[in-house]
There are 2 protein chains.
Amino acid sequence: MSGNASRSWVDGANEPHGFGVTHLPYGAYRQAERGWLCVRIGDYLLNLADCVAGGLLNDLAAEVREACSGESLNALLGKGPAAWAALRARLGELLGETANGQLRQQVAECLQPMSGADLVLPVEIGDYTDFYASLHHAQRVGEIFRPDNPLLPNYKHVPIGYHGRASSIVVSGSAITRPWGQSRPAEGESVPGFGPSTALDYEAELAFLVGTGNALGEPVPVDQARGCIFGVALLNDWSARDIQAWEYQPLGPFLGKNFATSLSPWVTPLAALEPFRVPAAIRGAGDPAPLPYLLSAADQTGGGLDIRISVSLSTGASRAAGMAPMEISSSSTRDLYWTVAQMVAHHTSNGCNLRAGDTLATGTVSGPARATAGCLMELTRNGTEPLELANGERRLWLEDGDEVLLTGMCVMDGVAVVRIGSCSGRIGAAAPARR
Amino acid sequence: MSGNASRSWVDGANEPHGFGVTHLPYGAYRQAERGWLCVRIGDYLLNLADCVAGGLLNDLAAEVREACSGESLNALLGKGPAAWAALRARLGELLGETANGQLRQQVAECLQPMSGADLVLPVEIGDYTDFYASLHHAQRVGEIFRPDNPLLPNYKHVPIGYHGRASSIVVSGSAITRPWGQSRPAEGESVPGFGPSTALDYEAELAFLVGTGNALGEPVPVDQARGCIFGVALLNDWSARDIQAWEYQPLGPFLGKNFATSLSPWVTPLAALEPFRVPAAIRGAGDPAPLPYLLSAADQTGGGLDIRISVSLSTGASRAAGMAPMEISSSSTRDLYWTVAQMVAHHTSNGCNLRAGDTLATGTVSGPARATAGCLMELTRNGTEPLELANGERRLWLEDGDEVLLTGMCVMDGVAVVRIGSCSGRIGAAAPARR
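Residues numbered from 1 in each chain as written. Chains lettered and ligands numbered in written order. Predicted model: local features only at pLDDT ≥ 70, side-chain atom pairs only at ≥ 80, totals over all residues. Heavy atoms only, no water.

## Quick word on the relation of the copies chain A and chain B
- With an RMSD of 0.0 Å, the fit of chain A onto chain B corresponds to turning through 180° and sliding 0.0 Å along the axis. Taken together, the turn and the small shift mark the pair as related by a two-fold rotation axis. Rotation axis and chain A: the residue whose C-alpha lies nearest the axis is Gly252 of chain A, separated from it by 2.1 Å.
- Residue by residue, 100% of the interface of chain A is reproduced at the interface of chain B, so both copies engage with the same surface. (Least-squares fit on C-alpha atoms with pLDDT ≥ 70 in both. Contact = heavy atoms within 4.5 Å.)

Quick look at the structure:
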């Protein structure tokens, strides 16, 4: 055995693109009328069912091989951390420089270029929960609506969340149609408006995919909660602020959100993010300690993640001019007020059951400075202060043809060692009126 | 051919129990390690897979026969109204008095007594949406929290709804464990409470099961919306009011609801409810007309349903005394402000997709008088005025051992022609503290 296990023999895989052999995110693609699970290495896909068929995973449990041959990740997610670790270790052997020539030849038969692959959602999502884990986001949104009292009294005690829509989660790259909806009656009017949203926004979020879950009635203690999570992906929780503002009292957001949510096709396993663990966000001097069911020493020490999320916009005009997407903000998940372990512990504290494939998202990831805000509502103060784009255009909200691109990276010594699979969506015109 | 097609030859099926041959609700039960679809006739179950195997459904499309042989109703729901009608007509032939002796003998081999059957949820629910369709409920809850301004300005324009939790929907009869959760800090305290809920409530609701659904981006017009719905079932949206009150701002109810939702195992097809259609609730003189996308003449004329829902309670003491469950309220879905067609049209107005098996519930069904309120929050004015039970006990909220039973019926000429499958759940003690 020779070579470096953290480098790969696959063509181009050691370039600094953030998809090297220490990353290996999971995905799925459609080909020949079915879905196939894969991992990504550089610009190649490794087909897991082919690996099973070729005998390359024979040292793993039969149920893991069976899960790898399926069309979605759900079965694998349900197998738990030991199975995930065994599979990941074996994939590292297959793709690392230490693999011998014969093995490389066998593995090469399971590889195909990613270019042109029809990537699909790799998971069947039973329930989708969206949190509100960024204090900075909550604070700035609160300042818009309640300037005297921006932060509600529950925020620093409760990891606030709500249930989103699972059916309308679409894979990155899917077109996003501007939704119709009701909006507040105009000044002096008594009848609400009904038409295409004029306040369309994005929300840059990180999604956590549940692995093993829990039985109904059995809360997951905070010190075991991280172990429930399989991996992460970038998520854009598209939001129609005019619809949301009119509908959300008293039961929360509904049609302002559920017309579409975009998810990256790539799920980065938590195991690949171990080097990027950071302490839970430091609480300020006046902030309350988390209640005991949300407090674990290990979580406080290393329950955060430093994933830098960048939001870029391309417009019809910028694309026509051949410009790359224009960055409009960047933030890091290290600034979130609540950790994923706290979200899981809270979510299950009443006995609610999480199932393999369920998705928990952070809510908008915003940092302390306004330029780090993860949505237009914050960047434009609810559509009142235009955002200047690099090409001279201005935006209050998203216009038709605008494409939002979320990218994520984990940096070590100035190098993006891991890039989280990107998430994009372009706004299409609203459907014409029916009458 | 002789006999009356609206009477059945099955033993006891013509007794006035509301499960005659004009009803035929669908369900599922587990036996020999798998689930079986069935319809209920009196106190018997007709196994649909056995009917297929016995050639009794040979006149139906192959895909309908296949759907009948599955373990959940989802495939059948997705087949659409023509398939549902064909199956229902054939089941009527098999079970009606017009069936000849040979046919009866064949059908009898597919029947089994319901007693002792392990009834399970007959449907896989992708997304669960809960509405707030009772104006009377919204009004009385509003009076508790905002006495000067009980009804929010959006209520009479927007069929308010929110997404609930699908994973924790359980079949009627499942034990309901009292949840733990955070509650508002006590007067003079700064730290919230965390413990078993002390304000546990039920909500009597009617659930609508989506049949065909719609593609993402394609709203269902209100005049076609009723056709999306396959049938109805009773639902109890258990609610921990103390958890809910502390968490629900600004994103709506979450852990106060998602610890459990009980659903009847019996789905009454809308076709069985045709005789009980009523006009949409009459709007008052000052009430706004529904916006055009929520308005259809046919829906206004016959989009309501007159299903009487009764809530009964049995307690440890009442059961020990041999008492039947004590009725504490009754109401009718005819008093709802919004019809199911309006809920579907609104839900999909932004392009949100509904899938076969998705469940839309009405929210608490309350009538105009306080005695017709469908939850304890209204009956006890948020736990401040005790409810007197028939056995002399009093309740502010549910106690351990209390069992809530929802029953429903459709009455014609004073007779309960159709009884909607009941929905019950008994409160079990909270889990012990973990530390």
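## Some thoughts on unusual backbone geometry
- Of the consecutive residues Gln249 of chain A and Pro250 of chain A, the connecting peptide bond is found in the cis state with omega at 5°.
- With respect to the helices and strands, Pro250 of chain A occurs in the loop between α8 (241-247) and β16 (261-263).
- Of note in this structure, Leu24 of chain A is not a glycine but carries a positive phi near 55°.
- The residue Leu24 of chain A is located in the segment before β1 (26-31) in this model.
- The phi dihedral of Asp413 of chain B is positive, around 50°, even though this residue is not glycine. (Helix = DSSP H or I, 4+ residues; strand = E, 2+ residues; numbered from the N terminus.)

## Regarding the pairing of strand β1 (residues 26-31) of chain B
Residues and elements named next belong to chain B.
- The pairing of β1 with strand β2 (residues 34-41) spans 6 bridges and is antiparallel. Residue Tyr29 lies in a different strand from β2, and its bridge partner there is Trp36.
- The turn linking β1 back onto β2 is made up of 2 residues, and Ala32 within it adopts a positive phi angle of 55°.
- Alignment of β1 against strand β5 (residues 118-120), held across 3 bridges, turns out to be antiparallel. Bridge pairing links Tyr29 to Leu119 in β5. (Pairing = 2+ DSSP bridges.)

## What to know about the interface of chain A and chain B
- Each partner contributes residues to the interface: chain A has 60 residues there, and chain B has 60 residues.
- Together chain A and chain B conceal approximately 5500 Å² of surface at their shared face, both sides included; 60% is due to carbon and sulfur atoms.
- On the surface where chain A and chain B come into contact, there are 4 salt bridges.
- Arg165 of chain A is the partner of Asp358 of chain B in a salt bridge, and the nearest nitrogen-oxygen pair spans 2.8 Å.
- There are 30 residue pairs in polar contact (both at pLDDT 80 or more) connecting chain A and chain B.
- For the side of chain A that touches chain B, the secondary structure elements donating two or more residues are β6 (128-131), β7 (161-164), β10 (180-183), α8 and α11 (340-348) of chain A.
- Here the element with the most residues in the side of chain A that touches chain B is β7 of chain A; it accounts for 4 residues.
- Across the side of chain A that touches chain B, the residue classes tally to 33 nonpolar, 19 polar and 8 charged. (Buried area = accessible area lost by both parts, 1.4 Å probe. Salt bridge = Lys/Arg side-chain N within 4 Å of Asp/Glu carboxyl O. Polar contact = N/O pair within 3.5 Å; in protein donor to acceptor, adjacent residues only side chain to side chain. Nonpolar A, V, L, I, M, F, W, Y, C, P; charged D, E, K, R; others polar.)

## A few points about the pairing of β6 of chain A
All names here are of chain A.
- Burial along β6 is two-sided: the face carrying Tyr128 and Asp130 and the face carrying Thr129 and Phe131 are both buried.
- Bridge count for β6 against β7 is 4 bridges, and the pairing is antiparallel. Looking across to β7, one finds that Thr129 is bridged to His163.
- Here β6 runs beside strand β22 (residues 359-361); their pairing, made up of 3 bridges, is parallel. Bridge pairing links Asp130 to Ala361 in β22. (Buried < 20%, exposed > 50% of the residue type's maximum accessible area, 1.4 Å probe, protein only.)

## A few points about the sheet that holds strand β4 (residues 111-113) of chain A
Residues and elements named next belong to chain A.
- The 5 strands lie next to each other as β4-β3-β2-β1-β5, forming an open sheet whose pairing is antiparallel. Sheet topology places β4 and β5 (118-120) at the edges, where each strand pairs with a single neighbour. Within the sheet, the average angular offset between the axes of one strand and its neighbour, ignoring direction, is 45°. (Axes fitted to C-alpha atoms, helices over the stretch in contact; angles between N-to-C directions.)

## Quick notes on the state of the cysteines
- Counted under the stated rule, the structure contains 0 disulfides over all chains.
- Note on Cys228 of chain A: no disulfide assigned, nearest cysteine sulfur contributed by Cys352 of chain A at a separation of 12 Å. (Disulfide = S-S within 2.5 Å.)

## Quick notes on the pattern of salt bridges
- Here the structure, examined in full by the defined rule, presents 42 salt bridges over all chains.
- Where Lys257 of chain B meets Asp237 of chain B, a salt bridge forms, and the shortest distance between an N and an O atom there is 3.1 Å. Here the residue Lys257 of chain B occupies a position in the loop between α8 (241-247) and β16 (261-263), and Asp237 of chain B occupies one in the loop between β14 (229-236) and β15 (239-240), the gap between them amounting to 20 residues.
- The class of Asp237 of chain B is buried, set by a relative accessible area of 1%.
- Note that Glu274 of chain B is salt-bridged to Arg277 of chain B, the shortest N-O span being 3.1 Å.
- Residues participating in the shared-partner salt-bridge network are Asp201, Glu203, Asp237, Arg241 and Lys257 of chain A.

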